[in-house]
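# Chain and residue survey
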Amino acid sequence: MSLERISSTKVFDGRQEQYRHYSQALDCEMRFAIFLPPLSERMEKTQRFPVLYWLSGLTCTDENFSQKAGAQRMAAELGIVLVIPDTSPRGDDVPDDDGYDLGQGAGFYLNATQDPWKRHYHMYDYVLEELPALVEDNFPVTDRRAIAGHSMGGHGALVLALRNPGRFTSVSAFSPVANPISCPWGEKAFSAYLGTDRSSWEEYDATVLLSRATETQPILVSQGEDDEFLETQLKPGALEAAAEAAGYPVKVEHHAGYDHSYYFIASFIEQHLRFHADYLLKPEG
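Everything in this summary refers to the structure shown in the same document.

### Examining the environment of L52
Structurally, the position occupied by L52 is in strand β4 (residues 49-55). As a C-alpha pair, L52 and E225 span 173 residues in sequence and 26 Å in three-dimensional space. With residues up to four places along the chain from it excluded, the contact list for L52 reads I80, V81, L82, V83, A146, I147, A148, L273 and H276.

### What about helix α4 (residues 152-163)?
Three- or four-residue spacings in an α-helix give side chains the same orientation, since the helix completes a turn every 3.6 residues. For α4, with twelve residues, the first-to-last C-alpha span of 16 Å sits near the 16 Å given by 1.5 Å per residue. Counting buried residues in α4 gives eleven out of twelve residues, a clear majority hidden from the surface. Within α4 the residues assigned to the buried category are M152, G153, G154, H155, G156, A157, L158, V159, L160, A161 and L162.

### Observations regarding the packing of helix α3 (residues 123-138) against α4
Closest axis-to-axis distance for the α3/α4 pair is 11 Å, and the angle between their directions is 60°. It follows that α3 is oblique to α4 by the angle criterion. You can see that α3 and α4 cross each other, and the crossing is right-handed. Contacts from Y124, V127 and L128 of α3 reach α4 at V159, L160 and R163.

### Comments concerning the nonpolar core
Formed by 70 residues in total, the largest nonpolar core has its most connected members in F32, F108, I147 and Y193. Top element by residues in this core is α3. It accounts for eight residues. Residues within four places of Y193 in sequence aside, it is in contact with L102, G103, A106, G107, F108, L110, A112, T113, Q114, W117 and Y121. One finds F65, L78, I265 and F268 within the second-largest nonpolar core, a separate group that totals 26 residues.

Scoring rules and cut-offs
- Residues numbered from 1 in each chain as written.
- Predicted model: local features only at pLDDT ≥ 70, side-chain atom pairs only at ≥ 80, totals over all residues.
- Heavy atoms only, no water.
- Helix = DSSP H or I, 4+ residues; strand = E, 2+ residues; numbered from the N terminus.
- Contact = heavy atoms within 4.5 Å.
- Expected span 1.5 Å × (residues − 1).
- Buried < 20%, exposed > 50% of the residue type's maximum accessible area, 1.4 Å probe, protein only.
- Axes fitted to C-alpha atoms, helices over the stretch in contact; angles between N-to-C directions.
- Parallel < 35°, antiparallel > 145°, perpendicular 65-115°, else oblique.
- Left-handed = near helix turned anticlockwise from the far one by under 90°.
- Core = buried A, V, L, I, M, F, W, Y, C linked by side-chain atoms within 4.5 Å.

So, in structure tokens, the structure goes:
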């Protein structure tokens with residue numbers, strides 16, 4: 001697959017770049033952002049970095065995290081590549097909806113099975129397979145991957161990790177939609193993308209998947225206690241109850257006074273990057 005570089009900007013001695021490419025999984029043109037840490041002069045031709053994939057939330061694009069989270073400084077220090085895909089397929093031929101919580105900007109990181117969505121809305125396959133293959137073929141990275149996200153993206157990160165043990169070294173989420181089969185955002189999106197058979201919804205619900213997991217992996221969740229969506233949409237308590245019942249070691253941190261915004265993410269992104277670094281940078285063997 002060919003890549004077209006849209007922009008490249010120096011930051012913390014690394015490069016924040018944006019690329020365009022045609023996606024087979026989504027059948028449309030897509031963009032993603034990538035932060036590349038500074039290369040050592042002595043290892044410039046051989047140095048490779050692990051990757052953290054960041055999944056953003058409703059209404060976001062590939063630009064929100066790179067512009068608002070302030071993650072590049074710590075990623076440069078640790079030596080971690082950041083890859084930030086868009087949140088859905090886009091284009092004049094891609095189906096959309098008048099609501100902010102369905103259609104373009106609201107892909108929910110699943111594979112749609114219903115018309116008119118099923119041709120393009122395969123964000124699950126895109127993030128799991130196509131984008132990593134593209135990144136690993138074109139950038140100085142290893143095959144060690146971690147995944148994180150916010151809100152709808154936190155849902156996506158947890159689902160992708162829980163459904164694919166061993167694919168990611170670790171997973172973290174800010175304010176995730178933790179139990180989408182039981183909240184308005186999830187019920188609207190899942191009924192449109194997946195149809196009325198609610199049993200199919202469970203494959204994209206982190207709380208259900210965690211309760212059924214046979215393997216564990218490192219999970220960190222950060223939740224602001226002043227989040228306006230806490231009780232109606234996010235439901236972290238359901239995830240915590242499932243983890244306790246299953247004996248699954250999930251670390252959930254509640255932060256007083258913080259809301260759903262990128263100010264919350266910026267306040268704790270260093271902690272999340274260091275959490276992932278413990279696993280991404282751990283010597284093999």
